[in-house]
Amino acid sequence: VYKRQGINAEYGQFSISSTTNEPMLFTAAVVVAFAGAAHAFYANTPVVELTASNFNQVYDDTNVWMIEFYAPWCGHCQRLTPEYIKAAKNVEGLAKLGAINCDEQSNQPICGPFGVRGFPTLKVLPWNAKNANDAIDYQGARSGASIAKHVLGQIANHVKKVSSGASHDEFAAGEGGKVLLFSTKPAVTTLYKALAQQFKNRLSFAQAAMSDSELAAQYGVESAPALLVLPADGGEPVRFDGKLKPLVLGKFLSGYAPALKTRGGSKSGGSQKSESAEPARPKTPVQDELWRVSSAADYKARCQERPGTCVIGLFDPLGDHFDTYRDALAAVLDEHKGGAFTLVWLDAFEQEGVLKALGLYGQDLPQLVVINDGKRAWNRFIGSFDAERIGKYLGKIKNGVQSVQKLGANVDVAGAFVTEKSAAAKDEL
């Protein structure tokens, strides 16, 4: 008989009492990060989400980079997030801001060489950085404006000042494509320096004064600013006639620049890539229906071998409203399909060993738990069992807002499933 036990539920941290002799999962709530939280921090923002598999891009291009090394459970990291996004928006098209989740085990070979000892850690990599040793610690204010100002200040000036005569002729005679800006400003702007930085070693950049009437007349320029591309093939100069915005200009110049040559920065911070590197793992198939788990093999395939977090509905198939509860969980799947969660359900009476392992034996049904075996973390949903509330709850889990608990060292959820033999024996008279 299921009966309600004493529960103290607040913000996802709770304790469970049990009349059984089964070992309890935990004695205190601890905050643990679930897989997929990296995407929640910076999804759909200009911040580049870095991982061990794509970190080479930091070394492969010539932009100035700032990188945040963070952990999803870190409160200071969560408070930095909106300011870091503001900074990324301010420097978009001029420099790059990235972030890497150091709590993710696969990313630790990246974070280690950078000497990360606390979160969040911010480091700048100059355009010519070859490995972690070239990183520069950022010790300034953690505001969007301060971060953006510092990053832009790291952009070097690769623009040559030219005028009619020898300096221009030498520039024009050089190899490759060239970019020439006529300007009324005496100094090189941050935007133009950033473009020269972005296309370093692929295009040459120069600036001429609009007051140089002889040179302006040579190119048919009558007003400034005027940006021209001198194609590598010696063709006629091409004048840019769009908006002088970083991303627009970058896209325009890409049409005249050769392909970017990589410098071979490695996952470990800059050593050469291995020719015998392991092939990329196949992508995990997207879950297209709510799965039932009825054995240890099912649980391993659905919850342990797939990345991310498993959401498990514990139902009584013979009870009232079973179809309603199952449909609610299926509706949540439609919302989170292809994301950080795998959604399954099990027969709580058939698999009462799982309830005992989780300390839920004797609780009313249905129940909903989230488990990440890789992180040895879990949490129990408390509230009305409907798609809207469950969806909001999973959103909090994904964003790192919802506290979760550590699985006990001796808790083996897969091992708690009954085998076919024992299930058959249970049904014998």
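Below or above, wherever it landed, is the structure these notes cover. Not measured: the values here are computed from a predicted model.

Calculation criteria
- Residues numbered from 1 in each chain as written.
- Predicted model: local features only at pLDDT ≥ 70, side-chain atom pairs only at ≥ 80, totals over all residues.
- Heavy atoms only, no water.
- Helix = DSSP H or I, 4+ residues; strand = E, 2+ residues; numbered from the N terminus.
- Buried < 20%, exposed > 50% of the residue type's maximum accessible area, 1.4 Å probe, protein only.
- Pairing = 2+ DSSP bridges.
- Contact = heavy atoms within 4.5 Å.
- Axes fitted to C-alpha atoms, helices over the stretch in contact; angles between N-to-C directions.
- Arc of directions from axis to C-beta.
- Phe/Tyr/Trp six-rings, centres within 6.5 Å; stacked < 30°, edge-to-face > 60°.
- Lys NZ or Arg CZ within 6 Å of the ring centre and 35° of its normal.

### Points about the environment of Phe69
Looking at the secondary structure, you find Phe69 in strand 2 (residues 65-70). Exposure remark for Phe69: the relative accessible area of 0% places this residue in the buried category. Remark: the alpha-carbon pair of Phe69 and Leu50, spanning 19 residues in sequence, is separated by 9.7 Å.

### Quick look at the sheet that holds strand 6 (residues 159-161)
What links the strands of a sheet is backbone hydrogen bonding, and the strands pair in either a parallel or an antiparallel sense. Spatially, 6-8-7-9-10 is the arrangement adopted by the five strands of the open sheet, whose pairing is mixed. What marks the edges here is a single partner per strand, and that holds for strand 6 and strand 10 (238-239). Taken together, the two bridges between strand 9 (residues 226-230) and strand 10 define a ladder with antiparallel strand orientation. From the neighbouring strand, Leu228 faces strand 10, where its bridge partner is Arg239. Packed onto the sheet, helix 7 (residues 190-198) meets strand 6, strand 7 (177-183), strand 8 (203-209) and strand 9 and runs at close to 155° relative to strand 8. Lying over the sheet, helix 9 (residues 246-254) contacts strand 7, strand 8, strand 9 and strand 10, oriented at roughly 20° with respect to strand 9.

### Some thoughts on helix 5 (residues 144-153)
Taken residue by residue, helix 5 has Gly144, Ile147, Ala148 and Val151 as its buried positions. Buried residues along helix 5 cover an arc of 95° about the axis, so they all sit on one side. Exposed residues pointing more than 90 degrees away from the buried face of helix 5 are listed as Ala145, Lys149 and Gly153. Those residues of helix 5 that are buried are in contact with strand 2, helix 3 (75-91), strand 3 (96-101) and strand 4 (121-125).

### What about the packing of aromatic side chains?
For the structure shown, the criterion picks out 19 aromatic pairs. Ring geometry for Phe55 and Tyr59: centres 5.9 Å apart, planes at 70°, overall edge-to-face. Among the residues examined, Tyr59 registers a relative accessible area of 1% and is labelled buried. With a centroid separation of 4.9 Å and an interplanar angle of 40°, the aromatic rings of Phe69 and Phe114 are classed as tilted. Of this pair, Phe69 sits in strand 2 while Phe114 sits in the loop between helix 4 (108-111) and strand 4, and the two are 45 residues apart along the sequence. The exposure class of Phe114 is buried, given its relative accessible area of 5%. Directly above the ring of Tyr361 sits Lys356, whose terminal nitrogen or CZ lies 4.8 Å from the centroid.

Everything listed is a geometric property; what it means functionally is a separate question.
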